[in-house]
Structure formats: structure tokens, C-alpha cells
Amino acid sequence: MNDFVARYFLFLAEAATLVLAVTGAIAALIAVARRRSEDCGRLRVSDVGRRFAAAGDEIRSARLDKRTYRRPRRTGRHRRTRPETTKATPCSYLLDFKGDIRASAVAALREEVSAVLEVAQPGDAVLVRLESGGGLVNRYGLGAAQLLRIRDAQLPLTVMVDSVAASGGYLMAAVADTIVASPFALVGSIGVVAQTPNFHRWLRARDIDWEQFTAGQYKRTVTLFGENTETGRAKLREELDDIHALFRAFVQARRPQLDVDKVATGETWLGSRALELGLVDEIATSDELIRAACRRGKVLHLSFQRKARLTERVGRAAQTMWDGIWQPPQPLR
């Protein structure tokens, strides 16, 4: 009898272990699937004109006597029609780009541009609200390349600057057919900078050696902890001059009316002065242009969003702190 009970409990333990293992595997698969779904992100689309109209209705209802005011009906059932028989009106696609030092918003921008190119038709246009003081050369170069995709598709592209489009931000703005800035927006800063602290003397005073091993004469030109040489400094300056020359050439090719020698000094100008220099084409706020586009046709605001995990947020915070210490070559104002 005791032997039977022992075997029975052993069987139950094995069965429970198997169930737990299968359950754990299923839970892990679900977690991975959810994580991948979150990583994919989601594109949100909103009708800007409808949002303006709804806001107007709210104000009118608050302003007028509720007994006499009737809210207009803006929704209703519409008969479905086939896409090939539907005559679409021209549409403007509104995108936002808020740049940090690493141009992190490029990840969303490339998704939004791809979505626009998937559906855009002749007569459509793209509006980009751009705010950036610049950052890493390669990242802002990638941002400019995303906007070039719009130009290559023959879609009119307008970049709107309400606050700042400096250095890498202006590198992106220069791609546009039209650049519109508010009167006191900062524009320009066509220049390059690199900076880093050096702790070599502090370490040497404490008898601490710093050893670094490289292969290639210029694999590392300047360092945080080693002794920097004049040869290394000269090489870094040469690299900065080369990046600056490419920056100038990029802007000149897309805005041939500019006197590049006059504006590629690293200086920034307010919007009204930037207009005189040819850095921008018009003085206005993005609000004015968006409302004008709503009067001409539909304006759709596209926003690609992906929820960052805790580890990603912590990593970005650490990276931001590091960027404040070590800044490799970048077009920064």
C-alpha cells in the first residue's frame, strides 16, 4: 500500500512538473510575441481639419445659448465604394520631427515616410514641422536621406521651423522645396564641432597608467584618458574640415541661390534675417500653413509611436549623460 501511494505521488509530481514546464513555455512565447508586437510600433493617423472643426464647435457651444445652439452633425453612414471608383481629393501629410543629439526621431520618421509613399497620389504634399539644434553627423544625414525619399517621389515638401533648425536640423531642412520659419526661429549654424575632456594629467598625478591599444595610425586620434598628441589633434581637425566641406556642398546643391561662404560660418540667424540671407523662403508659423492646407483639402497628421521598455529608457538616459561628456564630430550649433 505504501509503495502504491509513493508511486502515485511520484506520478503527480512528474505530471505537475510537465504542466508547469508547458505553461512556462507558453507564457514565454506569449511574452516574446507581445514584445515583438510592441517593437513593431503603431502608426496613428488623425484628420487635422476635423480636429479644428471639433474645437470650433466646442467654443461655439460654450459661447452661445445652449437653448438656441445646435451642434452640427459631422458624422454619418457612408456607402462603401470600391477604391478604384473613389475620387480622392489632394491630401497634405503632416509629420513632426523633434531632434535630439542622436536624432532619435529618425526611427519614427522613416516609418512615417514609408507610409506616405505607400499611399501618396499626384497632387498630394508633405508638411514637416522640424525642431532641432543638431547632433551627430551620420544620424542627421540619415534624417535628410529620409526627406530626400519624399523629394525623389516628386511630392512637394515644405519644412516648417517654429523654434530652431540649426546645424543638423538645417541639414535636414535644406532638402525641402520650401523652408518656412517663424520670425524669431533660430536658423543656420552650418558648422561642425567635436569636444572631449581629457583626464591624462589627473591620472598621471596619481600614478595611474592608461593603456590603449589600436591597429591603424588614426584609429584613435584623441582620447579621454590618454595623452593627446599634436598629430592626433591635427587629424581630428582635418576630419572636421572634411565634414564641414560635405555639409556646405550638400546645402549648396539644394539651395544654389545661397552665398555659402557667407552663411557657412557656424552662425545662427533669426528667421527674418535668415530670409534676407536666403536660408529660408518665407516667414510664417506652422499653424498658418497648416490651416491654409486645411482650407485647400484634407490634412492628415501621421505619428509613428513605439513604447520603449524600461531598459531602453535607462539606456537612453545613460547615453544622454555620456553625450554631454564626449561629443564626436557633429554639426552642432
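Conventions we followed
- Residue indices follow the written sequence of each chain, beginning from 1 at its first position.
- Restriction of local features to residues with pLDDT of at least 70 applies here, the model being predicted, together with a cutoff of 80 or more for giving and counting side-chain atom pairs; totals for whole chains, interfaces and linings are based on all residues.
- Side-chain metrics rest on all non-hydrogen atoms present in the structure, leaving aside hydrogens and water.
- Numbering of helices and strands starts at the N terminus; helices are DSSP runs of H or I of at least 4 residues and strands are runs of E of at least 2.
- Note on contacts: a residue pair is in contact if any heavy atoms of the two residues lie within 4.5 Å.
- The Shrake-Rupley method, run with a 1.4 Å probe sphere, supplies the accessible areas, and residue values consider only the shown protein chains as cover.
- Here's how the labels work: a residue is buried when its accessible area is under 20% of the maximum for its type, exposed when over 50%, partly exposed in between, all with a 1.4 Å probe on protein chains only.
- Classification of ring pairs rests on two measures: the distance between centres of Phe, Tyr or Trp rings, Trp counted by its six-membered ring, which must be within 6.5 Å, and the angle between planes, read as stacked under 30 degrees, edge-to-face over 60 and tilted in between.
- Working rule: Lys NZ or Arg CZ, within 6 Å of ring centre, within 35 degrees of ring normal, means a charge sits over the ring.
- Whether two strands pair comes down to DSSP finding at least two bridges between them.
- Scored from 0 to 100, pLDDT records how confident the predictor is in each individual residue.

A. The overall build of the protein, seen in detail. Scanning the protein from terminus to terminus reveals 11 helices and 12 strands. Summarising the internal contacts of the protein: among those between residues at least 6 apart in sequence, 74% fall at separations of at least 24. Only carbon and sulfur atoms are counted for the fraction: they give 54% of the accessible area of the protein, which is about 21600 Å².

B. Here's a closer look at unusual backbone geometry. Non-glycine residue Gln154 carries a positive phi angle of around 65 degrees. Tracing the chain through its elements places Gln154 in the loop between helix 4 (137-152) and strand 4 (157-161). Residue Gln154 is classed as exposed on the basis of its relative accessible area, which comes to 66%. Of note, Ser167 is a non-glycine position whose phi angle comes to about 55 degrees, a positive value. Along the chain, the position of Ser167 falls in the loop between strand 5 (164-166) and helix 5 (168-173). On the basis of relative accessible area, Ser167 is assigned to the buried category, the value being 0%.

C. Quick peek at the packing of aromatic side chains. Within this structure, the stated rule accounts for 3 aromatic pairs. Ring geometry for Trp210 and Phe225: centres 4.7 Å apart, planes at 50 degrees, overall tilted. In this pair, Trp210 sits in the loop between helix 6 (200-205) and helix 7 (230-254) while Phe225 sits in the loop between helix 6 and helix 7, placing the two residues 15 residues apart along the sequence. On the basis of relative accessibility, which here comes to 43%, the residue Trp210 falls in the partly exposed class. Every member of this aromatic cluster is reached through a ring pair, and the members are Phe199, Trp210 and Phe225. Over the aromatic face of Phe250 sits the side chain of Arg254, whose NZ or CZ is 3.9 Å from the ring centroid.

D. Looking closely at the sheet that holds strand 11 (residues 298-305). Strand order in the open sheet formed by 7 strands is 1-11-2-3-4-6-10, and the pairing between neighbours is mixed. The open sheet has two edge strands with one neighbour each: strand 1 (42-47) and strand 10 (282-283). Relative to strand 3 (residues 125-131), strand 2 (residues 91-98) is paired through 7 bridges, and the arrangement is parallel. Pairing of Leu95 across the sheet is with Val128, part of strand 3.

E. Broad picture of the confidence of the model for the protein. When the pLDDT values of the protein are averaged, the result is 83; 73% of them are 70 or greater. Every residue in residues 77-85 is under pLDDT 50, and counting partners more than four places away or in other chains gives 1 contact. Low confidence marks residues 329-333, where pLDDT is under 50. Its contacts with residues over four positions away, or in another chain, come to 38 contacts.

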